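Chain by chain, the residues:
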Amino acid sequence: TTICSMGVFNQQVSMIAVRGDSSYQTLSDLQGKKIQMGSSGSGQYLLNNALIETLGLTTNDFSAEYMSQSDGTQAFIEGKVEANMIASGIPSSLLTQISASDPDFRLLTWDDDFLNKFLDTYSYYKVCTVNPGDVECKSITEPVKMPAFYGELLVRADVDEDVVYNMCKAMYENHEELVT
């Protein structure tokens, strides 16, 4: 079956949250530690796995946990994992929850060499710029580049054109309600 994109709707940014009092500066520093990767097979997991592979590592180099974003965030807040690998739109309610628990939490950042290698290997991902005012994180004081992907609505190629048209029309006519 051929799959087609009906549209791109939102940008999901990869953010790795660590506690403010931790010594972790990079994802590599977390080897052997419990990290939250996202639900197995999810877009969040696939992006996080690509980041790990770009470092020349595998999930076996970590004590990886596979949870939903909300469960992973709760596990991070409760100290059950050392890092929460999030893929979320910005602003993110997940960061708001983390900030309420640990106002000094940090987001790990990437250097340009890593991001270029990442994009060379995984060209279907992208890099976006995140501004300090877009995230509730004291460690982000200037714009930073972070890995990201777009959320898309996919349909089978054999879906009737009128159905696709009416779906698009309904989404655009109800944009404000969908955003809310």
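Criteria and thresholds
- Residues numbered from 1 in each chain as written.
- Predicted model: local features only at pLDDT ≥ 70, side-chain atom pairs only at ≥ 80, totals over all residues.
- Heavy atoms only, no water.
- Buried < 20%, exposed > 50% of the residue type's maximum accessible area, 1.4 Å probe, protein only.
- Helix = DSSP H or I, 4+ residues; strand = E, 2+ residues; numbered from the N terminus.
- Arc of directions from axis to C-beta.
- Contact = heavy atoms within 4.5 Å.
- Polar contact = N/O pair within 3.5 Å; in protein donor to acceptor, adjacent residues only side chain to side chain.
- Salt bridge = Lys/Arg side-chain N within 4 Å of Asp/Glu carboxyl O.
- pLDDT = per-residue confidence, 0-100.
- Pairing = 2+ DSSP bridges.
- Axes fitted to C-alpha atoms, helices over the stretch in contact; angles between N-to-C directions.
- Parallel < 35°, antiparallel > 145°, perpendicular 65-115°, else oblique.
- Left-handed = near helix turned anticlockwise from the far one by under 90°.
- Nonpolar A, V, L, I, M, F, W, Y, C, P; charged D, E, K, R; others polar.
- Core = buried A, V, L, I, M, F, W, Y, C linked by side-chain atoms within 4.5 Å.

Colleague: Give a detailed account of helix H4 (residues 112–121), specifying residues and quantitative values.
Modeller: Residues of H4 that are buried: Phe114, Leu115 and Phe118. One side of H4 holds all its buried residues, which, seen down the axis, span an arc of 95°. Exposed side of H4, more than 90 degrees from the buried face: Asp113 and Asp120 are the residues found there. On its buried face, H4 is in contact with helix H1 (43–54), strand E6 (126–130) and strand E7 (144–156). The distance from a side-chain oxygen at the start of H4 to the backbone nitrogen of Asp113 is 3.2 Å, and the residue carrying that oxygen is Asp111.

Colleague: So what's going on with the environment of Asp21? Residues and values would help.
Modeller: Relative to the elements of secondary structure, Asp21 occurs in the loop between strand E1 (3–18) and strand E2 (34–36). By relative accessible area, which is 70% here, Asp21 ends up exposed. A sequence separation of 81 residues divides Asp21 from Asp102, and the C-alpha atoms of the two residues are 9.3 Å apart.

Colleague: An account of the pattern of salt bridges is requested, with residue identities and associated values reported.
Modeller: Counted according to the given criterion, the structure contains six salt bridges. Lys34 is paired through a salt bridge with Glu65; the nearest N and O atoms lie 3.8 Å apart. Taken as a pair, Lys34 in strand E2 and Glu65 in strand E3 (residues 63–65) lie far apart in primary sequence, 31 residues in all. Overall, Glu65 belongs to the partly exposed group, its relative accessible area being 25%. Its salt-bridge partner being Lys145, residue Asp112 comes within 3.7 Å of it at the nearest N-O pair. With Asp112 in helix H4 and Lys145 in strand E7, this residue pair connects regions lying 33 residues apart in the sequence. For Asp112, a relative accessible area of 44% puts it in the partly exposed group. Take Lys145: its relative accessible area is 41%, and that puts it in the partly exposed class.

Colleague: Requested: an account of the confidence of the model for the protein, with residues and values cited.
Modeller: Model confidence for the protein is summarised by a mean pLDDT of 92, while 100% of its residues fall at 70 or above. At the level of individual helices and strands, the protein shows its lowest average pLDDT in helix H6 (residues 175–179), which scores 83, and its highest in E2, which scores 97.

Colleague: Give a description of the pairing of strand E4 (residues 83–88) that names residues and reports values.
Modeller: Extensive coverage of E4 is indicated by the burial of six of its six residues. In E4, alternate side chains face the same way, and those of Ala83, Met85 and Ala87 on one face and Asn84, Ile86 and Ser88 on the other are all buried. Where E1 lies against E4, six bridges are found, and the strand directions are antiparallel. Counted as the bridge partner of Ser14 is Ala87 from E4.

Colleague: Help me get a handle on the environment of Asp71, residues and values and all.
Modeller: Secondary-structure assignment places Asp71 in helix H2 (residues 69–77). In the structure, Asp71 is positioned 74 residues away from Lys145 in sequence and 26 Å away in space, judged by C-alpha atoms.

Colleague: So what about the packing of H1 against H4? Which residues, and what values?
Modeller: In the contact formed by H1 and H4, the axes pass within 10 Å of each other and the chain directions differ by 115°. Taken together, the axes of H1 and H4 are roughly perpendicular relative to one another. At the point where H1 passes H4, the crossing takes the right-handed sense. Mapping the contact onto sequence places Leu47, Ala50, Leu51 and Thr54 in H1 and Phe114, Lys117 and Phe118 in H4. Its residues assigned to classes, the contact of H1 with H4 comprises five nonpolar, one polar and one charged.

Colleague: How would you sum up the nonpolar core? Please name residues and give values.
Modeller: Buried together is how nonpolar side chains tend to be arranged in soluble globular proteins. By size, the foremost hydrophobic cluster in this structure holds 26 residues, and its most contacted members are Leu27, Leu30, Ile35 and Phe118. At the level of elements, E1, H1, E4 and H4 are the ones that each hand at least two residues to this core. Tallying contributions element by element places H1 first for this core, with five residues. The contact partners of Ile35, leaving out residues within four places of it in the chain, are Leu30, Ile52, Phe62, Ser63, Ala64, Glu65, Val81, Ala83 and Met85.

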